[in-house]
Protein chains: 2
Amino acid sequence: MVLGRTDDTGACCPGLLTAPLDEEQAGELAKVFKALGDPVRLRLLSMIASRAGGEVCVCDLTPAFDLSQPTISHHLKLLRQAGLIDCERRGTWVYYWLVPEMTDRLAGILTRPAGEPLPERTAPAGAAS
Amino acid sequence: MVLGRTDDTGACCPGLLTAPLDEEQAGELAKVFKALGDPVRLRLLSMIASRAGGEVCVCDLTPAFDLSQPTISHHLKLLRQAGLIDCERRGTWVYYWLVPEMTDRLAGILTRPAGEPLPERTAPAGAAS
DNA sequence: TCTCTATATTGACAGTCTTCGATTCAGCAC
DNA sequence: GTGCTGAATCGAAGACTGTCAATATAGAGA
């Protein structure tokens, strides 16, 4: 995982707004954002993240959508592969919960450092002459 | 735009981690994340956002990729439709810049409130029986 | 005017994604 | 063991996406 690192370098978020991403970073990040790029998955994620107790049974998620059970299962799998949620089987049921490290990382990547408040747009940057 | 609102309600970020999204919110948000869900667009965005001066000429972006000019133009259009960047024609050239309000909004949506540090996973939440 | 350069748009094709019904797998209860 | 229930996987159909070559458009300059 090449995304954001909050510890080892000391820098909170190398990314996106401060320096051009290289191809590998962009590929990794794109996978996660792609997982977020679907309304059903966003709703699933928000239902999981906001649930009191921190986890949700699939049996509570599926009936909230006008979609088949395999479709919901598929979306949950994609969210899990993106590292946004994790799950555990407990008896007959399966419970999902948010992986907050990943959303924290994304938030950091999208946050511009306060000290260097994004290059203000200034002038044509000397283009046309 | 239904996304994040930083002013009118007083709340900084209704979203995603604190309460289930409704269908409309999820649809709007998904469009933006979908725009971020492609490595080429992420690299374009980071090149635009990190550029000193705050804006970039398309003529500086296109040669950085092994892609045709129409393809880059297409990706820029999608980023613009998502509200992440904006542009202006200036003579023969077109300049793009970041719309920081949108990335701020996304960062807020992905940030959990410090006071209510995400429901700690506790127990099965009384599911079975 | 005509020509040249920089971007955008169009149309087409290949690949990917979302969705479903059917099936399979895991665990509980009898 | 058999049967039942909850969830995941498989395979296929249709929609959508990323890419290109070709073309169109906007502006500068002769």
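Predicted model, so just to flag it, every value in this text is computed and none were measured.

Student: Would you explain the interface of chain B and chain A in this entry?
Tutor: One frequently used descriptor of interface size is the decrease in accessible area upon assembly of the parts. Listed as interface residues are 52 residues of chain B and, on the opposing side, 52 residues of chain A. Summed over both partners, the interface of chain B with chain A comes to about 4200 Å²; 67% of that surface belongs to carbon and sulfur atoms. Counting every contact that joins chain B to chain A gives two salt bridges. Measuring nitrogen to oxygen at the nearest pair gives 2.4 Å for the salt bridge that ties B:Asp104 to A:Arg112.

Student: Is there a simple way to think about the protein's contact with DNA strand D in this case?
Tutor: Around DNA strand D sit 25 residues, and of these A:Gln69, A:Tyr96, B:Ser68, B:Thr71 and B:His75 come closest. Put simply, 74% of the atoms of DNA strand D that lie within 4 Å of the protein are in sugar or phosphate. Within the backbone of A:Cys59, an N or O atom sits 3.1 Å from a phosphate oxygen of DNA strand D. Side-chain polar atom of B:His75 to a phosphate oxygen of DNA strand D: 2.4 Å apart, as the coordinates give it. Elements with a contribution of two residues or more to the surface near DNA strand D: α3 (58-61), α4 (69-81) and β3 (93-98) of chain A together with α4 (69-81) of chain B. Counting residues per element, the surface near DNA strand D draws most heavily on α4(B), at five residues. Grouping the constituent residues of the surface near DNA strand D by class yields ten nonpolar, nine polar and six charged.

Student: Help me out: how do you make sense of the sheet that holds strand β1 (residues 55-57) of chain A in this one?
Tutor: In sheet architecture, strand pairing relies on hydrogen bonds along the backbone and comes in two forms, parallel and antiparallel. Residues and elements named next belong to chain A. An order of β1-β3-β2 is seen for the three strands of this open sheet, with the pairing classed as antiparallel. The open sheet is flanked by β1 and β2 (85-90), the only strands paired with a single partner. Taken over all neighbouring pairs, the strand axes of this sheet differ in orientation by 25 degrees on average, direction set aside. Inspection of the sheet shows β2 paired to β3 by six bridges, in the antiparallel sense. By the bridge assignment for β3, Ile85 is matched with Leu98.

Student: Could you clarify how one ought to interpret helix α1 (residues 23-36) of chain A in this entry?
Tutor: The α-helix advances 3.6 residues per turn, and as a result positions three or four apart in sequence lie on the same side. Taking 1.5 Å of rise per residue, the 14 residues of α1(A) would be expected to cover 20 Å, and the 20 Å separating its terminal C-alpha atoms lies within 8% of that figure. For α1(A), the complete set of buried residues consists of A:Gln25, A:Ala26, A:Leu29, A:Ala30, A:Val32, A:Phe33, A:Ala35 and A:Leu36. Those residues of α1(A) that are buried are in contact with α2 (39-49), α4 and α5 (100-110) of chain A together with α1 (23-36) and α2 (39-49) of chain B.

Student: When you look at the nonpolar core in this model, what are you seeing that I'm missing?
Tutor: Within soluble globular proteins, side chains that are nonpolar tend to cluster in buried spots. Grouped together as the largest cluster of nonpolar side chains are 68 residues, with contacts concentrated most on A:Phe33, A:Leu42, A:Leu84, B:Phe33, B:Leu42 and B:Leu84. Not counting residues within four places of it along the chain, the set of residues in contact with B:Leu84 comprises B:Val32, B:Ala35, B:Leu36, B:Leu45, B:Leu79, B:Trp97, B:Leu98, B:Val99, B:Met102, B:Thr103 and B:Leu106.

Student: Is there a simple way to explain the relation of the copies chain B and chain A in this structure?
Tutor: What connects the two chain copies is a rotation about an axis and a shift along it. Note on the copies: chain B fits chain A at an RMSD of 0.0 Å, the axial shift is 0.0 Å, and the rotation between them is 180 degrees. Overall, the copies show the geometry of a two-fold rotation axis. The position closest to the rotation axis in chain B is occupied by the C-alpha of B:Ala107, lying 2.2 Å away. The overlap is high: 100% of the interface residues of chain B also sit at the interface in chain A, so the same surface is used on both sides.

Student: Help me understand the state of the cysteines in this model?
Tutor: Residue and element names in this part refer to chain A. For the coordinates displayed, the defined rule picks out two disulfides over all chains. Here Cys57 engages in a disulfide with Cys59; their sulfurs sit 2.4 Å apart. Residues Cys57 and Cys59 are joined through a disulfide that is right-handed, its torsion about the S-S bond being 130 degrees. For Cys57, a relative accessible area of 2% puts it in the buried group.

Student: Help me understand the side chain of B:Asp38, please; the structure alone is not making it clear to me.
Tutor: Its location among the elements puts B:Asp38 in the loop between α1 and α2. Of the buried charged residues, B:Asp38 lacks a salt bridge, with B:Arg41 as the closest side chain of opposite charge at 4.4 Å.

Rules behind the numbers
- Residues numbered from 1 in each chain as written.
- Chains lettered and ligands numbered in written order.
- Predicted model: local features only at pLDDT ≥ 70, side-chain atom pairs only at ≥ 80, totals over all residues.
- Heavy atoms only, no water.
- Contact = heavy atoms within 4.5 Å.
- Buried area = accessible area lost by both parts, 1.4 Å probe.
- Salt bridge = Lys/Arg side-chain N within 4 Å of Asp/Glu carboxyl O.
- Near = heavy atom within 4 Å.
- Polar contact = N/O pair within 3.5 Å; in protein donor to acceptor, adjacent residues only side chain to side chain.
- Helix = DSSP H or I, 4+ residues; strand = E, 2+ residues; numbered from the N terminus.
- Nonpolar A, V, L, I, M, F, W, Y, C, P; charged D, E, K, R; others polar.
- Pairing = 2+ DSSP bridges.
- Axes fitted to C-alpha atoms, helices over the stretch in contact; angles between N-to-C directions.
- Expected span 1.5 Å × (residues − 1).
- Buried < 20%, exposed > 50% of the residue type's maximum accessible area, 1.4 Å probe, protein only.
- Core = buried A, V, L, I, M, F, W, Y, C linked by side-chain atoms within 4.5 Å.
- Least-squares fit on C-alpha atoms with pLDDT ≥ 70 in both.
- Disulfide = S-S within 2.5 Å.
- Lys, Arg positive; Asp, Glu negative; His and termini not counted.

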